[in-house]
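Notes for the structure review
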Amino acid sequence: MVAQTCYYDVGPLEDFPVQLGKTVHLPGRDIAVFRMTDGTVHALENRTAHIKGGPLAEGMVSGEFVYCPLRDLKISLLTGEVQAPDTGTIAIFPIILEQGRVWVGLPSVG
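Cut-off values and rules
Residues numbered from 1 in each chain as written. Predicted model: local features only at pLDDT ≥ 70, side-chain atom pairs only at ≥ 80, totals over all residues. Heavy atoms only, no water. Core = buried A, V, L, I, M, F, W, Y, C linked by side-chain atoms within 4.5 Å. Buried < 20%, exposed > 50% of the residue type's maximum accessible area, 1.4 Å probe, protein only. Contact = heavy atoms within 4.5 Å. Pairing = 2+ DSSP bridges. Helix = DSSP H or I, 4+ residues; strand = E, 2+ residues; numbered from the N terminus. Salt bridge = Lys/Arg side-chain N within 4 Å of Asp/Glu carboxyl O. Axes fitted to C-alpha atoms, helices over the stretch in contact; angles between N-to-C directions.

Some remarks on the nonpolar core
Counting 14 residues, the largest nonpolar core has Phe34, Leu44, Leu56, Val61, Val66, Ile75 and Leu77 as the members making the most contacts within it. If we ignore the near neighbours within four places in the chain, the residues touching Val66 are Phe34, Leu56, Gly59, Met60, Val61, Leu73, Lys74, Ile75 and Leu77. Counting residues in hydrophobic clusters, the runner-up holds 12 residues, among them Val10, Phe16, Phe93 and Leu106.

Put into C-alpha cells, the structure is as follows:
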C-alpha cells in the first residue's frame, strides 16, 4: 500500500487568529492550526507530548514555538520536536493555502 496525502478544506484564512491556535476536527484526528504573523500556517496534532495529552491549540505561541498549556513544553511549529531538556515529537501536517482558504493534509492509504 502506498501512503498518499488527502487534503481537507478547514476554512478561510481569516478564520484563524494570528498567533493563536484553533482546533479543527478531521476524520480520526483533532488538529491544532496556527496562523503566524508572516502569513504562514502550521498544523500539528492537537495533543501535547505531556502524559495527560492536553490540547496543543490552547498553548501560547512565541516565534516558531508553541508552549504546552499543561507543562510548558516548548514545541517547534516547524518540526513538531519538543525542545531540550524535554523530549518527544508531535505529528505535523502539510498545509496548502489556496484562494484564501486553508487546506490540511492527512495521510491516507491508497
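Details of the sheet that holds strand β4 (residues 41-45)
Pairing within the open sheet is antiparallel, and its four strands lie in the order β2-β3-β4-β8. In the strand order of this sheet, the two ends are held by β2 (21-26) and β8 (92-93), each with one partner. With two bridges connecting them, β4 and β8 associate as antiparallel partners. Bridge assignment links Leu44 to a residue of β8, and that residue is Ile92.

Overview of the pattern of salt bridges
Within the structure shown, the criterion is met by three salt bridges. Where Arg29 meets Glu45, a salt bridge forms, and the shortest distance between an N and an O atom there is 2.8 Å. Placement of the pair is Arg29 in strand β3 (residues 29-35) and Glu45 in strand β4, with a sequence separation of 16 residues. Here Asp86 ties to Arg71 by a salt bridge, and the two come within 2.6 Å at their closest N and O atoms.

Quick notes on the side chain of Thr48
Mapped onto the elements of the fold, Thr48 is located in the loop between β4 and β5 (60-62). Not counting the four nearest positions on each side in its chain, Thr48 is found in contact with Gly53, Gly54, Pro55, Leu56, Cys68, Pro69 and Ile90.

Some thoughts on the sheet that holds β5
In space, the three strands of this open sheet follow the order β5-β6-β7, with antiparallel pairing throughout. Edge positions in the sheet fall to β5 and β7 (74-76), since each of these pairs with one other strand and no more. In this sheet, neighbouring strand axes are inclined to one another by 30° on average, regardless of whether the strands run parallel or antiparallel. The pairing of β5 with strand β6 (residues 65-67) spans three bridges and is classified as antiparallel. Following the sheet pairing, Ser62 is matched in β6 by Phe65.

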